[in-house]
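Results of the structural survey
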Amino acid sequence: QVQLVESGGGLVQAGGSLRLSCEASGRSAYAMGWFRQAPGKEREFLARIRWSGGSTYYADSVKGRFTISRDNAKNTVYLQMNSLKPEDTAVYYCAAAPNAWDAKFAYWGQGTQVTVSS
């Protein structure tokens, strides 16, 4: 079992920055990811990072603006979000992929609301 707790969401003005955190506990995971979902829309993949090595991968929609990172000692993954736009408004979720062989994101946090005002 993997438990995930997101934090750092809130209100921010367009053009501003916000840093989300996700603390993981329980069983070790192969990789961690960030997703978001706006009301009435499908969940969208944003970024992922491997615990070992720290290799990253980004969706085109956030490449150049968002940065995923991790602190292995703290079991925490971060999402630094810069140049925020109103269309970034959504609930942001942290997810864990427990196994290297399938890389499925099977565990999810409770989500944290990010609202970007015009």
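First, a word on scope: everything that follows refers to the structure included in this document. Since the structure is predicted, the reported quantities are computational estimates derived from the model, not experimental observations.

On to the overall build of the protein chain. If you tally the helices and strands in the protein chain, you get 0 helices and 11 strands. Along the protein chain, helices and strands appear, N-terminal first, in the series β-β-β-β-β-β-β-β-β-β-β. The C-alpha atoms of the protein chain give a radius of gyration of 13 Å, which matches the 13 Å a tight globule of 118 residues would have. Taken over the C-alpha atoms alone, the protein chain extends approximately 40 × 25 × 25 Å along its principal axes. Looking at the protein chain as a whole, 42% of its 118 residues qualify as buried. Partitioning the intrachain contacts of the protein chain with sequence separation of at least 6 by distance along the chain shows that 52% fall at a separation of at least 24. Carbon and sulfur atoms provide 47% of the accessible area of the protein chain, an area that totals close to 6300 Å².

The next point concerns unusual backbone geometry. With phi around 50°, Asn-75 is a residue other than glycine that occupies positive phi space. Here Asn-75 shows up in the loop between strand S7 (66–71) and strand S8 (76–81). A positive phi angle, close to 50°, is found at Ser-83, a residue other than glycine. Here Ser-83 shows up in the loop between S8 and strand S9 (90–97). Overall, the relative accessible area of 41% leaves Ser-83 in the partly exposed class.

Counted under the stated rule, the structure contains 1 disulfide. Bridging Cys-22 to Cys-94, the disulfide has an S-S length of 2.0 Å. Of note, the bridge from Cys-22 to Cys-94 carries an S-S torsion of about -75° and is left-handed in sense. Residue Cys-22 is located in strand S3 (residues 18–26), and its partner Cys-94 is located in strand S9; the two are separated by 72 residues in the primary sequence. A residue is classified by how much of its surface remains accessible, and Cys-22, at 0% relative accessible area, is buried. Residue classification places Cys-94 among the buried residues on the basis of a relative accessible area of 0%.

A few words now on the nonpolar core. Core analysis: the largest hydrophobic core is formed by 29 residues, its most contacted members being Met-32, Trp-34, Leu-79, Met-81 and Tyr-92. At the level of secondary structure, the elements contributing two or more residues to this core comprise strand S1 (2–7), S3, strand S4 (31–37), strand S5 (44–50), S7, S8, S9 and strand S11 (112–117). Ranked by size, the runner-up nonpolar core spans 5 residues in total, among them Ala-31, Phe-35, Ala-97 and Phe-105.

Quick notes on the rules
Residues numbered from 1 in each chain as written. Predicted model: local features only at pLDDT ≥ 70, side-chain atom pairs only at ≥ 80, totals over all residues. Heavy atoms only, no water. Helix = DSSP H or I, 4+ residues; strand = E, 2+ residues; numbered from the N terminus. Rg over C-alpha atoms; globule rule 2.2 N^0.38 Å. Buried < 20%, exposed > 50% of the residue type's maximum accessible area, 1.4 Å probe, protein only. Contact = heavy atoms within 4.5 Å. Areas by Shrake-Rupley, 256 points an atom, 1.4 Å probe, with all protein chains shown as cover. Disulfide = S-S within 2.5 Å. Core = buried A, V, L, I, M, F, W, Y, C linked by side-chain atoms within 4.5 Å.

Distances and angles like these do not, on their own, reveal function.
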